[in-house]
Amino acid sequence: MNCSQFSILLPPVFAPPQFSRLSLLHSRSSISFSTNCILKTSRRLFLRAKASSPTAMANDEVTGGSLKQQLAKLFEESLRITVPERSCNVPKPQIRNNAMGLWSKVKGKSTQFKGPQPIGQAIMKNLPASEMVDSCSIAGPGFVNVVLSRQWIAKSIQKMLVDGIGTWAPKLPVKRAVVDFSSPNIAKEMHVGHLRSTIIGDTLARMLEYSNVEVLRRNHVGDWGTQFGMLIEYLFEKFPSGEVASDQAIGDLEAFYKASKQRFDSDPAFKERAQRAVVSLQAGEEKYRKAWADICEISRRGYEKVYQRLGVHLEEKGESFYNPYIPGALELLSKKGLIEESEGARVIFIEGKNIPLIVVKKDGGYNYASTDLAALWYRLNEEKAEWIIYVTDVGQREHFEMFFTAAKRAGWLPAEDNKYPKASHVGFGLVLGEDGKRFRTRSTETVKLVDLLDEAKSKCKAALIERGKAKDWTEEELEKTAEAVGYGAVKYADLKNNRTTNYTFSFDQMLNDKGNTAVYLLYAHARICSIIRKSGKDIEALKKTGTLDLVHPDERTLGLHLLQFAEVVEEACTNLLPNVLCEYLYNLSEDFTRFYTNCQVVGSAEETSRLLLCEATAVVMRKCFHLLGITPVYKI
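Per an unreviewed UniProt entry, the chain goes by arginine--tRNA ligase and derives from Sesamum radiatum. In its Catalytic activity (unreviewed entry) section, the UniProt record describing the chain reads: "tRNA(Arg) + L-arginine + ATP = L-arginyl-tRNA(Arg) + AMP + diphosphate". We quote the UniProt Function (unreviewed entry) comment for the chain here in full: "Forms part of a macromolecular complex that catalyzes the attachment of specific amino acids to cognate tRNAs during protein synthesis."

Visitor: How should I be thinking about the pairing of strand β11 (residues 345–348) in this particular structure?
Guide: Remember that side chains alternate between the two faces of the sheet whenever the strand is regular. Bridging between strand β10 (residues 339–342) and β11 involves four bridges; their strand directions are antiparallel. Looking at the pairing, Ser342 lines up with Ala345 of β11. Sheet analysis places β11 next to strand β12 (residues 357–360), joined by three bridges and oriented antiparallel. From the neighbouring strand, Arg346 faces β12, where its bridge partner is Val360.

Visitor: I'm lost on helix α1 (residues 67–82) in this one. Help?
Guide: Helix length check: α1, at 16 residues, gives a terminal C-alpha distance of 23 Å against a target of 22 Å (1.5 Å per residue), a fit within 8%. Counting buried positions along α1 yields 12 of 16 residues, so the element is predominantly enclosed.

Visitor: Help me understand the packing of helix α6 (residues 227–238) against helix α8 (residues 253–266), please; the structure alone is not making it clear to me.
Guide: Each pair of packed helices gets described by two things: the angle between the helix axes and the distance between those axes. Put simply, α6 and α8 touch, their axes get as near as 9 Å, and they point 100° apart. With respect to each other, α6 and α8 are oriented roughly perpendicular. Listed contacts from α8 to Gln227, Met230, Leu231, Tyr234, Leu235, Glu237 and Lys238 of α6 are Phe256, Tyr257, Ala259, Ser260, Lys261, Arg263 and Phe264.

Visitor: What is the right way to look at the packing of aromatic side chains in this model?
Guide: Taken as a whole, this structure holds 23 aromatic pairs when the rule is applied. Pairwise contacts between aromatic rings join Phe321, Tyr322, Tyr325, Trp377 and Tyr378 into one cluster. Here Lys317 stacks its cationic end above the ring of Phe321, 5.0 Å away from the centre of that ring. For the cation-ring pair, Lys422 lies above Trp387, with the distance from its terminal atom to the ring centre recorded as 4.8 Å.

Visitor: What should I look at first to understand the environment of Ala463 in this one?
Guide: Tracing the chain through its elements places Ala463 in helix α15 (residues 449–466). Note: C-alpha distance between Ala463 and Ala482 (19 residues apart in sequence) is 8.9 Å.

Visitor: Help me out: how do you make sense of the nonpolar core in this one?
Guide: In this structure, Trp168, Leu208, Leu452, Phe565 and Val620 are the most contacted members of the largest nonpolar core, which totals 150 residues. Tallying contributions element by element places helix α24 (residues 607–627) first for this core, with 12 residues. Contacts of Trp168, omitting those with residues within four sequence positions, involve Ser156, Ile157, Met160, Tyr210, Leu562, Leu563, Phe565, Ala566 and Val620. Among the nonpolar cores identified, the runner-up in size contains 31 residues, and Leu376, Phe404, Ala407 and Trp412 belong to it.

Visitor: Before we go on, may I ask you to explain the confidence of the model for the chain in this structure?
Guide: Parts of the prediction with low pLDDT should not have their coordinates interpreted in detail. Chain-level statistics for the chain give a pLDDT mean of 84 and a share of 82% at 70 or above. Low pLDDT (under 50) marks residues 7–63, which in the prediction has 221 contacts with non-local residues, meaning those over four places away or in another chain. Contacts of residues 85–106 to residues separated by more than four positions or lying in other chains number 50 contacts, the stretch itself having pLDDT below 50.

Visitor: I would appreciate a short explanation of the sheet that holds strand β7 (residues 176–180) in the present structure.
Guide: Working definition: the strands of a sheet are paired by backbone hydrogen bonds and lie parallel or antiparallel to each other. Strand order in this open sheet of five strands is β9-β8-β7-β13-β14, and the pairing throughout is parallel. Across the chains shown, the open sheet's two edge strands, defined by having one partner strand only, are β9 (315–316) and β14 (422–428). Sheet analysis places strand β8 (residues 214–219) next to β9, joined by two bridges and oriented parallel. Bridge pairing in β9 places Arg218 opposite Glu315. Running at roughly 150° to strand β13 (residues 387–393), helix α13 (residues 368–381) makes contact with β7, β8 and β13 of the sheet.

Visitor: What's the story with the sheet that holds β12 in this structure? I'm lost.
Guide: In spatial order, the strands read β10-β11-β12; together these three strands make up an open sheet with antiparallel pairing. In the strand order of this sheet, the two ends are held by β10 and β12, each with one partner. Mean inter-strand twist for the sheet, computed between neighbouring axes without regard to direction, equals 45°. Across the sheet, helix α14 (residues 397–409) is in contact with β11 and β12; its angle to β12 comes to roughly 70°.

Each value, and the rule that gives it
- Residues numbered from 1 in each chain as written.
- Predicted model: local features only at pLDDT ≥ 70, side-chain atom pairs only at ≥ 80, totals over all residues.
- Heavy atoms only, no water.
- UniProt positions renumbered as here; feature names shortened; annotations may be inferred.
- Pairing = 2+ DSSP bridges.
- Helix = DSSP H or I, 4+ residues; strand = E, 2+ residues; numbered from the N terminus.
- Expected span 1.5 Å × (residues − 1).
- Buried < 20%, exposed > 50% of the residue type's maximum accessible area, 1.4 Å probe, protein only.
- Axes fitted to C-alpha atoms, helices over the stretch in contact; angles between N-to-C directions.
- Parallel < 35°, antiparallel > 145°, perpendicular 65-115°, else oblique.
- Contact = heavy atoms within 4.5 Å.
- Phe/Tyr/Trp six-rings, centres within 6.5 Å; stacked < 30°, edge-to-face > 60°.
- Lys NZ or Arg CZ within 6 Å of the ring centre and 35° of its normal.
- Core = buried A, V, L, I, M, F, W, Y, C linked by side-chain atoms within 4.5 Å.
- pLDDT = per-residue confidence, 0-100.

Spelled out as structure tokens, the structure:
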């Protein structure tokens, strides 16, 4: 058969399902995916897809929602008829995808069915007529094979081309989320260690925004604390008048910080003045507040150079913003009986942890935990966020586990992790050099992020010039392409990895135009655009007048992959894993290559249909690039 066939393994179910998420299983020889349809009895419905053929059972309109959601609606309706909820008197077995195993748990109980296959027959019979389903059959001990209509697949893709890729956005169970990412420390340069938090956080924010979630992008900068005493005193020494004209006045921020720290450690008189400066700053004395504001502003200008290159937008709400809320947040926790005295400090003891969560230090000062608790309270109560996502290195995992546990004990967050509002820690591994150690310069200094990005752009520009592009392109085209490819290469090399693992930073690998790299994918997109241009056809007009038909097996494979886009974005959002989207994008480009190799486009009898399939692929690739924070290129 020649369209898309789904094998559905049916356990003995006794209640309508609450459909959950789709997980993609993609091999090069076939496309398969399993959709977990979670029932009230914790049973599961599993879908697998392979290649097959086509004619519609009914002439329904193409409806909204993802492929998974539309199939889910059909089977939910059938299940309501086949196994009505009043029959739900079976205990919840802790079993996943074994129909025979599930049957052994319920056989002999009050049910009209004698096994999983009769249930499959009944569910197949009760499926409502739908344009998306060509035919159904039963196989093995309870598989329902569902053949999708190729006409429906084509119509769904063509509808997206007309109405826009926004119609494929997944529906998530939250309306407002906070994504807390990047978060550098004031008076320190952003280095390669900030790269992962910044681009992972930006991608998560973009995916949520595409899914129609209002995202509050928060830059929780380290702009408060005892270190500002030494910075301010050192600033006063360099500029007795207190006037700091520009960032050039301070010079290298990292050097300024190190010099002030050296004075603090080696000069007792300076240290005493610095400690008094902290008190003056916290008391709000104008001279000290102005010096603090100058240092923060100079730092911001440095950060903005990085954010501008990366195309990242953030709203700063640093530690100083939440500082006034700390006493109130701690008072709420004290009233709950969570805060105790321990060795002169105020702490929250967390079950299963060897050390407590310190919320007030011995000297009466606040720390990360007190600031984080105040920030969480603010985000839940003032900003009304339903999902708060923190993007930091995996080394902070224990801190977040303890901090979240404290919030749950206080009743700020529900005890169950699957309920909202909720807080999630998105941990990531280290960036390593090719020697397997932390990525540093030869002088063992951390690599400044702005220098690293400029080097990526420079290498890309040199490669383009070497390929003779300087003769054909304007300087502006050369610059913009070098930026898109260079910055995109750095981002994709990070995002394609599971964020929890370390990865090796290598310009040679990330700038390679073969394999799973941004360069390869950007070039693939540019080639699709070139095919459409060479046809001489107005693709916008074709969207309105042309018809898409998926006759060749490679056309159907590509079409089905396009339809999986919404589920992939949903999975990447739900599990906070950008690499899932990267894998989808790479496989999409591979499927397109196979299609283009085996199916002539320009000049063929099927030219119009195949140009529309090219355009649909380009549209989905561009949306993937956008979600990953990568600028597409249209010629190369």
